[in-house]
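Topology and contacts: notes
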Amino acid sequence: MVILFLLKNIFYIEFKRKEELGLKIIVCIKQVPDTTSVKMNPETNTLIRDGVVSIINPFDTYAIEEGVRLKEKYGGEIIAISMGPPQVEESLRDALSLGVDNTYLLTDIAFAGADTLATGYTLAAGIKKLGGADIIILGRQAMDGDTGQVGPSVGENLGIPHITNVRKIEQIDEDGTIIVERLLEGGYLRLKTKLPVLLTVVKEINEPRLPTIKAKMLARKKEIVSWDSNSLDIETGRIGLTGSPTQVIKIFTPPKTTKGKIYQGNVKTSVTSFLKDIQNAGIQFIKKEDRMKNGTN
Amino acid sequence: MAKKKVGIIGGGIVGTVLGYNLSLYDSVDVTLFEKDQIGSGTTAKSAGTVCLFDDSLPNKFWNVRLYGFQTYMNLEKEDKGSAGFDNTGTLVLATDKKVEESIKTGIALAIAAGYKAKYLTDHDKINKILPDLNLEGILGAGWTRDDGYFDSTMASNTFVKKMRANGAKVFTTTKVEKINMHGNKVTGIETNNGSYNFDVVVDASGPWTRFTGRMAGLELPIWHTKAEAFFLAPPKKKLDYIFPVLKYPRFYARREGDNIFICKAHLTMDLNDPMHAGIWDPDKLQPTGGTDEYFLEFLFGELERNAPGLLDCGVASSWLGYRAEPPDFMPILGDTQVDGYILAIGCGGNGVIEAPTIGRDLAKYIVTGEKTLLIEHLSLKRFEEKYNLKAK
Amino acid sequence: MEPIKVIIDKCIGCELCVKACPYDAIQMINKKAVIDIEKCTLCGACIEPCKFDAIVIYKRSFKGQEVTSYSGICLYAEHRNGRLASVVLEIIGAARKLKEDLNEKISAILLGNGMNPLAEELVSYGVDEVWMIDSPKIGEFAEDVQAELVAEILMEKSPEIFLGGGTIIGRSILPRVAAKLLTGLTADCTELTIDSKNKLLRQTRPAFGGNIMATILCENHRPQMATVRHKVMDEAKKVKSGHKGKIVKFNHIKIPKTKIEVLGFVKEKDITVNLVDADFIVSGGRGLQDPKNFVLIEELARTINGAVGASRAAVDAGWIPYSHQIGLTGRTVKPIVYVACGISGAIQHLAGMKSSDIIVAINNDLNASILDFSQYGIIGDLFEVVPELIKQLKELTGSKK
């Protein structure tokens, strides 16, 4: 009984502290090539990487915004963490100009070539070194890889509850209860769990702010901390290429009809044959709710 | 008589206006080659400000400015929107006596041409037009409601439509790979889509000029300067006034939808500063992004002094373009050392203003051999002494 | 989840493992072996002596596993409201093709309450074995619990391949399972084949915004896991009667408690389509000639439940607010289908939409540059084409219901 009482008190103190100090929020971001600027070399059929602009993964900007809004509402600290080569600093600096307080870059040649499993493990190690967090937020997926697997992978590695495709954080209570809305085909789920939690967020959750010129100038003066593999408590066999079970063996360009099909002449027959062709190409012009129902019908 | 065959390299604003002007002559058979899409290079990244008065082009070239403005306005009259005109007016700030003088002359010229314009010294009146400005130390401002900016890609496409209607050929996604010569005379070109014979080849390739010229054995005195621009989103998302074309000696701005387009003035670029100028590969330019840190610093400084209200604007987007600038920041027009190889290059930051006059005068020269003062004045000859124009 | 475990059903309490353990980590409780995970070093000394294969270790080493002991194609049978997700039939279709090359049986993991009818249904589509836990304790949306159970079953059954749907649920559960089993997972595959030489699963998927395709292997880890993009592969047809399937229950696996409580599911009928997220976008440009004509664009968009976009020219003309502008200085979009009506395709506009999966241009000018980027171009007066399109689409979607 006494022990139980003591435990209760400890928890009470801990949550009380939280209330005073606010939330510790960590946002994981990825630097990606701006796919709208990715060009293909038609002769070699390879990606032209030259001069491709790197940006914060657009989905992650919603994660940053949500983190900043939570901090504005509940107080606390927001940290951005990323894994990648040294030039990811630019993106972390962009995060700073969006309202992030501190940034950490996990950068080491040993991290290179990581698939989603190794990335999740490495990011989780970085988060552990930061002492964990109350809320960890990621974008639902990266624009280059489109896997959406790193979020759950980090969550599993940290051993905390995690929820993908969150479209709204309804409330966070003093006792650490959090209620969120989670997108699903055909609607959304309302889910309740306890902090600490990891969320991946969808675009519906907010409208990210833009960095002001002033904020961009201030962000230039802030320090970005870099950690290599030696700074983290990790098994070297589980990071980078060695730690990645999957390997890409072939990359190719999807066959694309360069010049499209043209319909001319009689409008009615043009439209009819167009609709026939596009349906044969796998496009279904049906209402979104019907399509969503079909997703799990 | 056989028609004179003219090939134009480059489908930006200069090439398309020239092509249209040539297509007006029955004695000419004109073909235009664009390696990408019409108006997709420097033209696409132009602010399109063709104002009745500002310092971008000296007042002695008033006729060039006026003809440019009227040409686009005529397109608009024929078919509204075909030059993408946005009638916002222009506000030019007088930061010192010299600028003030030039503004006053410009206003006088505009009034003489039948436009309404005035010079304001009352700070309250200036602030009424553009509330976010800090006018400390500002002598006055020139103001007209009659102009604005154009969409230069739209205008280029309109000129292409018009020249096609006149029977000219326009090839897009067609890259000129070789210029064929016989002795010192141009005979034609080779492209990725076949070869063509020409009597005259015109280089209107803007920032690609340096590379195009080498195909004809010329090292043309053109340097790239960076045209970096930010798109600023006002904190309240929407401005509650019409943001005019705003010109300071060191930067200019205009509206772009609900946002503000802002750029460093081209005459502030120093060809000897590696941060500002060099010879770069325009093919590596991306549609957005790529601005340098110094540009942020520059803008921060300018806005802090002149328009502190705009510092709270979000940076919605940005881009980097290359302007093709000769050492005197004026275009190079007409003949070269190579027979039949004609230049319409080096318009730098003024291509949209200058293109209509260049197109008209150069077409006339190609067809009749008659040189206007402009062609005379802006020939390649002026660089012959100082620069080695032969390609290695 | 534990890296080593005793399969209770198989353990007969012979105590051979207790003697083999150098770390004194195994003891007998109620005549079953229990491993003290604090003491265990995963050395594997207990595996060999056990005559009943009752102890399994998931090797947390990346030197690679003993991959030859894995066999079979397994899939995750997602369901909702008592019905199988349609993606499951697509996966079965894919699995049956793989079976032709691998000659291994197809199994499906089915978790939930009252699952017998679904198990029968799975069999009727050609599944050989349904691995089922049928219990009211498994919440329909308890992904954490389901992932744990899936991992347990996979550990016990060691299939070579494990597939799930590229749905929101599939793409939540499978990454969890992959992280628990420390194996590879390829997201949203559009093609799955068996490599004729090494018999590995070749997983092909788009990347870089669809600009490239990548083929991925998972050589040294099992199972080889993939989620399958919805609506790409053909659904399996029912197999002829006579196909016998087996239903295997895994009642010995303890069902953990979920950490996430479901407060409710809210159906959304009219999801307002936001431009950036829209699957379908219909855009208008200068060719519309008059602001009133945007009604046509809106009507077409409504018909396919898409969003309305515009070119800069239309926005500059004041026909539609700036928030609809697509292009270099507006928004960048990547819908499944982008319909450009009366848009010539200036570079500024192209920059904002050229990575759309499919571009359809409706234009009266055969020279319009938008046609260089379009998969389909309908040449004609848009005031005739668009109404005709709306009419035929309405007939089409109407007849579907």
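Residues numbered from 1 in each chain as written. Chains lettered and ligands numbered in written order. Predicted model: local features only at pLDDT ≥ 70, side-chain atom pairs only at ≥ 80, totals over all residues. Heavy atoms only, no water.

Counting secondary structure elements, chain A contains eight helices and 15 strands. Burial statistics for chain A: of 297 residues in total, 56% are counted as buried. Partitioning the intrachain contacts of chain A with sequence separation of at least 6 by distance along the chain shows that 70% fall at a separation of at least 24. (Helix = DSSP H or I, 4+ residues; strand = E, 2+ residues; numbered from the N terminus. Buried < 20%, exposed > 50% of the residue type's maximum accessible area, 1.4 Å probe, protein only. Contact = heavy atoms within 4.5 Å.)

Scanning chain C from N- to C-terminus turns up nine helices and 22 strands. Relative to the 2.2 N^0.38 estimate, which gives 21 Å for 401 residues, the radius of gyration of chain C is 27 Å and therefore markedly larger than a compact globule would have. For chain C, the spread of C-alpha atoms along the principal axes amounts to about 90 × 45 × 40 Å. Buried positions account for 59% of the 401 residues belonging to chain C. Look at the contacts in chain C between residues 6 or more apart in sequence, and 62% of them connect residues 24 or more apart. Accessible surface, chain C as shown: approximately 16,600 Å² in total, 49% of it carbon and sulfur. (Rg over C-alpha atoms; globule rule 2.2 N^0.38 Å. Areas by Shrake-Rupley, 256 points an atom, 1.4 Å probe, with all protein chains shown as cover.)

With that settled, the discussion passes to helix α4 (residues 143-157) of chain C. Residues and elements named next belong to chain C. Look at α4: 21 Å from first C-alpha to last across 15 residues, which is about the 21 Å you get at 1.5 Å a residue. Among the 15 residues that make up α4, 14 are buried, leaving the element largely enclosed by the rest of the structure. Backbone geometry just downstream of α4 places S158 in the positive-phi region, at approximately 50°. (Expected span 1.5 Å × (residues − 1).)

This part covers the domain arrangement of chain C. Partitioning chain C into structural domains gives domain 1 (4-57), domain 2 (73-249) and domain 3 (271-400). Between the C-alpha centres of domain 2 of chain C and domain 3 of chain C there is a distance of 38 Å. (Domains from an automatic or database assignment.)

What follows deals with the sheet that holds strand β11 (residues 185-189) of chain C. Residue and element names in this part refer to chain C. Spatially, the seven strands line up as an open sheet ordered β11-β15-β10-β5-β8-β9-β16, and their pairing is parallel. Bordering the open sheet on either side are β11 and β16 (246-249), each of which pairs with just one other strand. Here the average twist between neighbouring strands, direction ignored, is 25°. In this sheet, strand β15 (residues 224-228) lies alongside strand β10 (residues 161-165) in parallel orientation, the contact comprising five bridges. For F162, the partnering residue across the bridge sits in β15 and is M225. Set on the sheet, α4 makes contact with β5 (73-76), β8 (106-112), β9 (129-134) and β10; between it and β8 the angle comes to about 145°. Relative to β15, helix α5 (residues 170-181) is tilted by about 170°, and along the sheet it contacts β5, β10, β11 and β15. (Pairing = 2+ DSSP bridges. Axes fitted to C-alpha atoms, helices over the stretch in contact; angles between N-to-C directions.)

To continue, consider the pattern of salt bridges. A complete count under the given rule lists 46 salt bridges over all chains for this structure. For R209(A), the salt bridge goes to E72(A), with nearest N and O atoms at 2.9 Å. One end of the pair, R209(A), is in the loop between β12 (197-201) and α6 (213-219); the other, E72(A), is in helix α2 (residues 58-74), with 137 residues separating them in the sequence. By relative accessible area, R209(A) is classed as partly exposed at 32%. For the salt bridge of D312(B) with K214(A), the shortest nitrogen-to-oxygen distance reads 3.2 Å. Remark: K214(A) occurs in helix α6 and D312(B) occurs in the loop between α7 (293-306) and β18 (314-325); the pair is interchain, linking two chains. Judged by relative accessible area, which is 38%, D312(B) ranks as partly exposed. Residue class for K214(A) comes out partly exposed when judged on its relative accessible area of 35%. Salt bridges sharing common partners tie together E65(A), R69(A), E72(A) and R209(A). (Salt bridge = Lys/Arg side-chain N within 4 Å of Asp/Glu carboxyl O.)

Looking now at the packing of helix α1 (residues 13-23) of chain B against helix α5 (residues 152-165) of chain B. Residues and elements named next belong to chain B. It is the contact of α1 with α5, at a shortest axis distance of 9 Å, that shows an interaxial angle of 25°. The angle between α1 and α5 places the two elements in the roughly parallel class. Handedness of the α1/α5 crossing: left-handed. In contact with I13, T16, V17, G19, Y20 and S23 of α1, α5 contributes S152, A155, S156, F159, V160, K162 and M163. (Parallel < 35°, antiparallel > 145°, perpendicular 65-115°, else oblique. Left-handed = near helix turned anticlockwise from the far one by under 90°.)

This part is about the environment of S172(C). Relative to the assigned elements, S172(C) resides in helix α5. Residues within four places of S172(C) in sequence aside, it is in contact with P152(A), T164(A), R182(A) and E143(C). One polar contact links S172(C) to E143(C), side chain to side chain, over a distance of 2.5 Å. (Polar contact = N/O pair within 3.5 Å; in protein donor to acceptor, adjacent residues only side chain to side chain.)

Turning our attention to helix α8 (residues 351-368) of chain B. Residues and elements named next belong to chain B. Over its 18 residues, α8 extends 24 Å from the first C-alpha to the last, a length consistent with the 26 Å expected when each residue adds 1.5 Å. Approximately 30° is the largest bend angle found in α8, and it occurs at T357. Counting buried positions along α8 yields 14 of 18 residues, so the element is predominantly enclosed. Of the residues one or two after α8, G369 is the one with positive phi, at around 80°. (Bend = angle between axes of the 7 residues up to and from the residue.)

Quick look at the interface of chain B and chain A now. Tallying the contact residues gives 21 residues for chain B and 16 residues for chain A. Here chain B and chain A share an interface that buries about 1,600 Å² over both sides, 62% of which is from carbon and sulfur atoms. At the junction of chain B and chain A, the tally comes to three salt bridges. For the pair chain B and chain A, the interface holds five residue pairs in polar contact (both at pLDDT 80 or more). Residue assignment for the side of chain B that touches chain A shows that the elements contributing at least two residues are β13 (223-233), α7 and β18 of chain B. Residue contributions to the side of chain B that touches chain A peak at five residues, all from α7(B). In the side of chain B that touches chain A, the residues fall into eleven nonpolar, four polar and six charged. (Buried area = accessible area lost by both parts, 1.4 Å probe. Nonpolar A, V, L, I, M, F, W, Y, C, P; charged D, E, K, R; others polar.)

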